[in-house]
Each structure stands twice: as structure tokens, then as C-alpha cells.
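One-letter residues, chain by chain:
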Amino acid sequence: MLTSFNWKSEVTDLRSQLRQLAGSRAPGADDAKRDLFKKVISNMTIGIDVSSLFGEMVMCSATSDIVLKKMCYLYVGNYAKVNPDLALLTINFLQRDCKDDDPMIRGLALRSLCSLRVANLVEYLVGPLGSGLKDNNSYVRTVAVIGVVKLYHISASTCLDADFPATLKHLMLNDPDTQVVANCLSALQEIWTLESTSSEEAAKERETLVSKPVIYYLLNRIKEFSEWAQCLVLELVAKYIPSDNSEIFDIMNLLEDRLQHANGAVVLATSKVFLHLTLSMADVHQQVYERIKAPLLTQVSAGSPEQSYAVLSHLHLLVMRAPYIFSSDYKHFYCQYNEPSYVKKLKLEMLTAVANESNTYDIVTELCEYAANVDIPIARESIRAVGKIALQQYDVNAIVDRLLQFLEMEKDYVTCEALVLVKDLLRKYPQWSQDCIAVVGNISSKNVQEPKAKAALIWMLGEYSQDMPDAPYVLESLVENWDEEHSAEVRLHLLTAVMKCFFKRAPETQKALGAALAAGLADFHQDVHDRALFYYRLLQYKVSVAESVVNPPKQAVSVFADSQSSEIKDRIFDEFNSLSVIYQKPSYMFTDKEHRGTLEFSDELANLSINAEAGDSAVPAQRVEANDNDLLLSITEKEEGRDAASNGSAYSAPSYDGASATSAASQSLADLAFSSTSGSGQAPASSFAIDDLLGLDFSVGAAATPSPPPLSLNPKAVLDPGTFQQKWRQLPLSLSEDFSLSPQGVAALATSNALLRHMQSHSIHCIASGGQSPNFKFFFFAQKAESASIYLVELLINSSSAKSQIKIKADDQSTSQAFSTLFQSALSKFGTA
């Protein structure tokens, strides 16, 4: 490792040697310069400051050796960014090299000149760029086209004043070199897309790129383009709207051979064109699926696992949209032993989707083999896949037998996954309860540790307690270990299961019920506490009513909810051949506004406009916040370590003492259960019996907590968009609530800015709004009176359903509910005045 003294000494030596060689034309001078340049670049790469050699490096660059030129340009580009003053020293020799006889040097010099990216040097770029665009050599023209984009990002006005976009358009339509044409297309798309936000003329120019003459010109030359350029052209063609069906067929016939291309990107881009052109032609669209199926399956089996995964992700999307087309090709989705787990997981999802009456047996047999896989996550996924196929009503008899065999395997993770699936199976096919319960009854709850599996087992113990002799005693042992159970989901299921078991086998369950309710009332988790209190009050009111609420006659579940809405899936399909397909989510969920391209959706921030009083710049979009994910967390994922004061209830919950509760719970409740269910017509005076069950002195008429003072807002609150964005990122989500608008409010949305003015009259100010019917999005803020505390609100409105979602973030979390009440009150009055 060089000390400070050593590297300074080395830099001094390099300087003296470079000065000796500067201007030297002696034999071997270029070789000596190469060695010195390599040392300079090496030192620069490892972080040693060699900027003091700038002058000597520039002087030594006066040579025709391209290798020396490249190293010098690399050095210059690195230090010009951090030291603009040094960049002035390079202008002369770079401009001189731009006129060199060697086209390679001209191109390299022009690229380096444009890469300096120093605002006060843009005047020196216009001349060389203009000459480069007219150069006889295609390499120089290619570099110059990209240089125009760099100039635009440094100084857009300089680029437009020099009329470079018009020059690029001319080159795109007339240049004989296809790489120049492709670069021009890419540059014009970027420049006109950025300019179209403020210039109507630029927007029209951008539309000309997808006009029939341009599209046909590019399609007729597509075979001459490189693979990257072909993808660029095909992406543009996918946005073209043909005038009639014959034009659609002409384009598809022209691109037919692109489906046989060796490059997967070209095949995917061509597939996107075919799919998008035929969206309005149902029969042809189905034929397109059949046509692109074979090329995509070929791409999956060729190339690296990463490439296979990219293509397989697009196949996955197509399979989910039209599984019947791929049902005969299910063997292509069998997992290979040497495939990465991410590829296997995707294939398992596809096998589940393509399963039908004719192939279910083969697919399930294959999936059962994976259950013994050494890769435990894949084994779990394969078991889930078997369960999903069973829920699709294909050959249920054989699949149920397979799942029950999983329960008998001596692998914990297999048993856990199978328990969850058996629970779902019983919800849809209750007629299988006898066979399933016979096996489930032999499973010890002590051997099931995973929360979801334990919750499933407890659900079955409660739901089918009349068929399981040991059910009350198993539940009682679980209640006794209440404090050792860390999962709120399990505790919630345990409360419900004990209640159900009590209604079916009261004498055996009364002790467990008393202990469970007492423990639930003392639980620190709000959901568990509330459910226990709810059950307690139901029993206190009338046992027969409690039974009708907790254990009513159940109907079989016909369809389970899909994890993704059809709207989300359609958006992903619209973004075919992009990262959206890989991530399985639309681009607005994982990109910032400035990187979303030209696709715009009605409910994303890309369309939001900032109010005049809020400023001139839009709030950068952050569609998916880390804290917003709290809305998606299951109970098991939520933090459970709350203190007792966090219950936030307005009543006095009874305290829980395990010993007293257990002893008190031993008092008989059987008579109460049967006398209540016989129906007396009135609420029985059974509260004393229930209190005896719990061993608690509970007063229904406990004094309510005094209501807090009403929340007041500052009518003159001010917040700039930058601060709003920063706070929105940093603050956790306080509340997320649904709200229904009145018909008058929905009608009033048609009036421009009506909602904004209405909310402002209630001291709630809008900082951004956007969208188009039926989806609207608004961002509001408010400030607590006589305080710096700020409230931030995201309001999503669907005018067709009159539904809205309100998300609130606040500096002062304790007043979030009060502000939510105030906000909803103001929103409820919208349109009624």
C-alpha cells in the first residue's frame, strides 16, 4: 500500500517523464508513452489523485496512436467532470482531433468532447457536432447522433436552437447506415418525449415517429438493423395503430421471420407486436398465441438460466391469460434438476395454470416427486401447486389421497404445507371431511410449529370438533400454553376454535373457553384483545346469538380470491417485453415518474398536476412506499410487542390473572348454554354466570373515557412539494380507510377543481391532483392549529363505484384518527352544498 509520500513522489516522477516525452517523435517514444499512460490510468483507477498531470497528458496526446488517444480521452473525461477548469485545457486539442484524417480519432474525440458535460463549454460543442452529423464516415455520424442527446441534457435550448432534432430526423430517413438510423430514432424519441411535456410542436413531432411512412420505412429495412436496433424498431411498431385489418396482416407477414431469430429479445419484441396488433381481433389473437408459442418455448431451452427466466416470465404471463392453449405443452414446464430455484418456481406456477382434466394426473404425479426435493422452498411450492390444482376441481379424488399422504410423511415442512392445503380443501369440499379428519386427528399439535400450519390445524379442531374425540383436550392444552404462542394469527384462531368447540361439546370445553377469553382480554395485541372482548359480550348477551354469529351453517367456498386484480394483469400485459413482466407488477409500482416512459395510467402520479399555490414543479412519484406495505401485512407479520396502553380502547378491560381465571373457569356453564339456546325471547340475566366462568368482575356500564378536544386546523397552512415528498417517504402509514362518496359528490367531481376548493374551505389543502374518469388521485395536506404538526393524505377515488381509499400519514400519530374523522366529515359534505 502506497504511503502519502510514496505516491506523491511517484506522481512527480511521472510528471517529469511525461514532460521529457512530450512532443518527442523518436523511435519507441509512443511505446514509452503507453507505459506511462498505463501507470497514470492505473493510479487514477485506484483513487490516487493524478489531476496535476493534466497538462502533461494533454501535451503527450499529440500523436496518431489510437491507443494513446483512448487512454488520454479516458483521463480527460474523468477529471473534467470534477474540475471544470481543467476541461478548458482540453478544448483545443479535442477540437483539433475532431478534424483528424483518421475517422476513428474523429469519432473518439467527438465522443470525449461531448462527454465533458460542462455547461459553460456547450458553445464549443455545436460546431463539431454539426460537422460530425455530416461526416462521410458512418462511425463519426453514429457518435455525433449520441452527442446531440448529451448536448440536449446539458443545455436543451442550445440543442434546439441549433436545429439538431430536424437534422436527426433527416438522417433517420435518409442515412444509408442502419446504425445511424437506429441512433437517430433513439435520440429523437428521448428528446421529443422530454420536450413534449412543455411543447405542443414536440408532441406532434413525437407522433410522427409512429406515422405510417416512418413505420413502413423502418420495417422495410429491419433485416439490415442490428439486434438492438431491431428491438428499438419493433418497440415503436408496437405503438403503431394500423388503419385496417389488411394492414395488420401485412405487418405480421413482414415480421414473420423475426420469430425465428436466434436472439430472444428480438423474438419477444416481435411477439409483443403481434399480440398488440391483434387485441381487437379475438380469433386472430388466439392464433397469435399458437404462433408465438413454439419460438418462445425454444428460447426457454436455449441460452443461460437468466435468459430462460426472462423468456419464461413472458410465457408465464401468456399462460395465465390463455392456459388452454398451453395445456398440451405441459411437459415443457417440468423442472430440470440443474435449473435454478427461481426458474423452478415459475414453472410450478405454470404447471398449476395449465392443469386440466386430460393432464392433471401426469402433472400431480410430477409435482409429488418434487415434494421430496432437497430444495425445501421448491418442495413447499410443489405441495402448494398440488393443492391449487385440487381447488380447480380436476380429479379431486386422487389429489386428496396425495395430500393425505403428505400429512403422513415425516418431514415437518411437508406436514405444515399439507395442513394449510387440507384446510382450504375442506372449505371447498366439505364432503371430504371424514377422510381428512381421520388423518389430521393423528397429528400432534406439538409437532406443528409454523404459525399458518398451526392456525389451520386449530381451525379444523374447532370446525370438526364433533368428529375428533380429543379436540377439546388438544385445544385446552394450547390455551394453557397461551403465553408461549407468539403468533397473533394462531391466538385468534384459537379463540374462535374454542368458541366453536364449546357450542358443540360444552361440558368438555367450558374450562378452556374461560381461560381463552380471559387470556385474550389481557392480550397486548389489539386484534386478539378485541375479538376476545367481542366473544365475551356475545356470550354475556345471549349464548344462542353467540352461536349463530361464531358458528353458523357454512356454505362451501366456490372461488378463492386471486392475489392480483385483472386490471393489474392487463397493465402488465400492456408492458410486455419489459421489467414489468419479470417483476410481475406494473412499472408505476417500481419506477420513479421520470423513468416511466411514455405509458401513462390514470391513477399514477405521472398525470398529477400541482396546484398554483403549491409551486410550479410536480411532486416526484413514489407509488409504493415501504411503510405503505403495512396494509399488505398479514397478522403474523405485524409487530406484536405492543405495551398494554396501546389497546387504545375506550373501555376498561378486565385484568387477567392466570391462576384465578383458571380456577374460576371451572364453574359450570353447561346449564347456561342449554337454557339459553332453548330461547327465552329476552336477553337472559346470564352475565353473572359468564362472569363466574371467567372469574372476573366486569361492569358493562363502565365509565367511558372522556372524549379528546376537537381537532383544529390551520387555514393558512403552506407546504412545498419537496417537503411533502420527503415527509411522505419518511413517515409511517397511520391509517388506511375506505369511504363511500355520496351520489352528489360523484357528480361534483366532473367540475374542475371542485373538490380542491371544497376541501380548502375545511383547511385541507391539495398539493397534487390528477387522473381521468373513473379513477382520480389527490394528495392533500393540513396543519394542526397552533402547532407544526402536519397531516398528509392520499385520496384515491373511483367514480364508477363511488368508492374511495384514504391513506393518512402524520407527524403526530396520536391525532391521526381525529384528523381522519375530520377529513371524512369534510369529504361527506362534498357536493351537498
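Residues numbered from 1 in each chain as written. Predicted model: local features only at pLDDT ≥ 70, side-chain atom pairs only at ≥ 80, totals over all residues. Heavy atoms only, no water.

A short note on the packing of aromatic side chains
For step 1, the next point in the chain: Under the criterion given, the structure shown has 14 aromatic pairs.
For step 2, the next point in the chain: Here Phe 724 and Trp 728 contribute two aromatic rings whose centre-to-centre distance is 6.1 Å and whose plane-to-plane angle is 5°, an arrangement assigned as stacked. Taken together, the residues span about one helical turn, with Phe 724 and Trp 728 both in helix H37 (residues 721–730) at a distance of 4 residues. Grouping residues by exposure puts Phe 724 and Trp 728 together as buried. (Phe/Tyr/Trp six-rings, centres within 6.5 Å; stacked < 30°, edge-to-face > 60°. Helix = DSSP H or I, 4+ residues; strand = E, 2+ residues; numbered from the N terminus. Buried < 20%, exposed > 50% of the residue type's maximum accessible area, 1.4 Å probe, protein only.)

Things to note about the pairing of strand E3 (residues 765–772)
For step 1, the next point in the chain: With respect to burial, E3 is a largely interior element, 6 of its 8 residues being buried.
For step 2, the next point in the chain: Two elements, E3 and strand E4 (residues 775–783), share 7 bridges in a ladder whose sense is antiparallel. In the strand pairing of E4, Ala 768 is matched with Phe 779.
For step 3, the next point in the chain: Between E3 and E4, which pair antiparallel in sequence order, lie 2 residues. (Pairing = 2+ DSSP bridges.)

Quick notes on H37
For step 1, the next point in the chain: The set of residues buried in H37 consists of Pro 721, Phe 724, Gln 725 and Trp 728. Down the axis of H37, the smallest arc covering the buried residues is 95°, so these residues share one side.
For step 2, the next point in the chain: The backbone nitrogen of Gly 722 has a side-chain oxygen 3.1 Å away, supplied by the residue at the start of H37, namely Asp 720. (Arc of directions from axis to C-beta. Polar contact = N/O pair within 3.5 Å; in protein donor to acceptor, adjacent residues only side chain to side chain.)

A look at the packing of helix H24 (residues 412–428) against helix H26 (residues 451–463)
For step 1, the next point in the chain: Where H24 meets H26, the axes come as close as 8 Å, and the angle between the chain directions of the two elements is 40°. Here H26 runs oblique to H24, going by the angle between their axes. Our pair here, H24 against H26, has a crossing hand that is left-handed. In contact with Cys 416, Leu 419, Val 420, Val 422, Lys 423, Leu 426 and Arg 427 of H24, H26 contributes Lys 452, Ala 453, Ala 456, Leu 457, Trp 459 and Met 460. (Axes fitted to C-alpha atoms, helices over the stretch in contact; angles between N-to-C directions. Parallel < 35°, antiparallel > 145°, perpendicular 65-115°, else oblique. Left-handed = near helix turned anticlockwise from the far one by under 90°. Contact = heavy atoms within 4.5 Å.)

Quick look at the environment of Ser 308
For step 1, the next point in the chain: Take Ser 308: it is sitting in helix H18 (residues 305–321).
For step 2, the next point in the chain: With 31 residues separating them in the primary sequence, Ser 308 and Glu 339 have C-alpha atoms 9.9 Å apart.
For step 3, the next point in the chain: Those residues in contact with Ser 308 that lie beyond four places of it in its chain are Gln 299, Val 300, Ala 302 and Gly 303.

Here's the deal with the state of the cysteines
For step 1, the next point in the chain: Tallied over the full model, the rule gives 0 disulfides.
For step 2, the next point in the chain: The cysteine Cys 98 is free of any disulfide, with Cys 114 supplying the nearest cysteine sulfur at 7.7 Å. (Disulfide = S-S within 2.5 Å.)

So, the pattern of salt bridges
For step 1, the next point in the chain: Per the stated rule, a full pass over the model turns up 29 salt bridges.
For step 2, the next point in the chain: Residues Arg 106 and Asp 135 are paired through a salt bridge, measuring 2.9 Å at the closest nitrogen-oxygen approach. Residue Arg 106 is located in helix H6 (residues 103–115), and its partner Asp 135 is located in the loop between helix H7 (123–133) and helix H8 (138–154); the two are separated by 29 residues in the primary sequence. The exposure classification of Arg 106 matches that of Asp 135, with both residues buried.
For step 3, the next point in the chain: A salt bridge links Lys 500 to Glu 463, with the nearest nitrogen and oxygen atoms 2.7 Å apart. In this pair, Lys 500 sits in helix H28 (residues 488–504) while Glu 463 sits in helix H26, placing the two residues 37 residues apart along the sequence. With respect to class, Lys 500 is no different from Glu 463; both count as buried.
For step 4, the next point in the chain: Shared partners join several salt bridges into a network, and the residues in it are Arg 380, Glu 381, Arg 384, Glu 417 and Glu 450. (Salt bridge = Lys/Arg side-chain N within 4 Å of Asp/Glu carboxyl O.)

A short note on the side chain of Gln 783
For step 1, the next point in the chain: Looking at the secondary structure, you find Gln 783 in strand E4.
For step 2, the next point in the chain: Gln 783 gets classed as buried once you look at its relative accessible area, which sits at 16%.
For step 3, the next point in the chain: Dropping the residues within four chain positions of it, Gln 783 is found in contact with Ser 712, Leu 713, Asn 714, Ala 717, Ala 788, Ser 789 and Ile 790.

Side note on the packing of H18 against helix H20 (residues 341–354)
For step 1, the next point in the chain: Look at H18 against H20: their axes get within 10 Å of each other, and the N-to-C directions meet at 20°. Regarding the angle of H18 to H20, the classification is roughly parallel. The two elements H18 and H20 cross, and the hand of that crossing is left-handed. Counting all contacts with H18, which are made through Pro 305, Glu 306, Tyr 309, Leu 312, Ser 313, Leu 315, His 316, Val 319 and Met 320, the residues of H20 involved are Tyr 342, Val 343, Leu 346, Lys 347, Glu 349, Met 350, Ala 353 and Val 354.
For step 2, the next point in the chain: Classifying every residue of the contact of H18 with H20 gives 12 nonpolar, 2 polar and 3 charged. (Nonpolar A, V, L, I, M, F, W, Y, C, P; charged D, E, K, R; others polar.)

Thoughts on the environment of Leu 312
For step 1, the next point in the chain: Its place among the elements puts Leu 312 in helix H18.
For step 2, the next point in the chain: With 35 residues separating them in the primary sequence, Leu 312 and Lys 347 have C-alpha atoms 8.0 Å apart.
For step 3, the next point in the chain: Setting aside residues up to four positions removed in sequence, Leu 312 forms contacts with Val 300, Val 343, Leu 346, Lys 347 and Met 350.

So, unusual backbone geometry
For step 1, the next point in the chain: At Gln 584, a residue that is not glycine, the phi angle is positive and equals roughly 60°.
For step 2, the next point in the chain: Phi is positive for Ser 763, close to 65°, though the residue is something other than glycine.
For step 3, the next point in the chain: Mapped onto the secondary structure, Ser 763 falls in the loop between helix H39 (754–760) and E3.

Points about the side chain of Lys 500
For step 1, the next point in the chain: According to the relative accessible area criterion, Lys 500 is buried, its value standing at 5%.
For step 2, the next point in the chain: Not counting residues within four places of it along the chain, the set of residues in contact with Lys 500 comprises Trp 459, Gly 462, Glu 463, Ser 465, Val 550, Asn 551 and Lys 554.

A closer look at the pairing of E4
For step 1, the next point in the chain: Along E4, 9 of the 9 residues are buried, which leaves the element largely enclosed by surrounding structure.
For step 2, the next point in the chain: Going residue by residue along E4, you find Asn 775, Lys 777, Phe 779, Phe 781 and Gln 783 tucked away on one face and Phe 776, Phe 778, Phe 780 and Ala 782 tucked away on the opposite face as well.
For step 3, the next point in the chain: Bridge count for E4 against strand E5 (residues 790–798) is 9 bridges, and the pairing is antiparallel. Among the inter-strand pairings, Lys 777 is bridged to a residue of E5, identified as Leu 796.
For step 4, the next point in the chain: As consecutive antiparallel partners, E4 and E5 are separated by 6 residues, and within that stretch Glu 786 has a phi angle of approximately 55°, a positive value.

Structural measurements only, silent on function.
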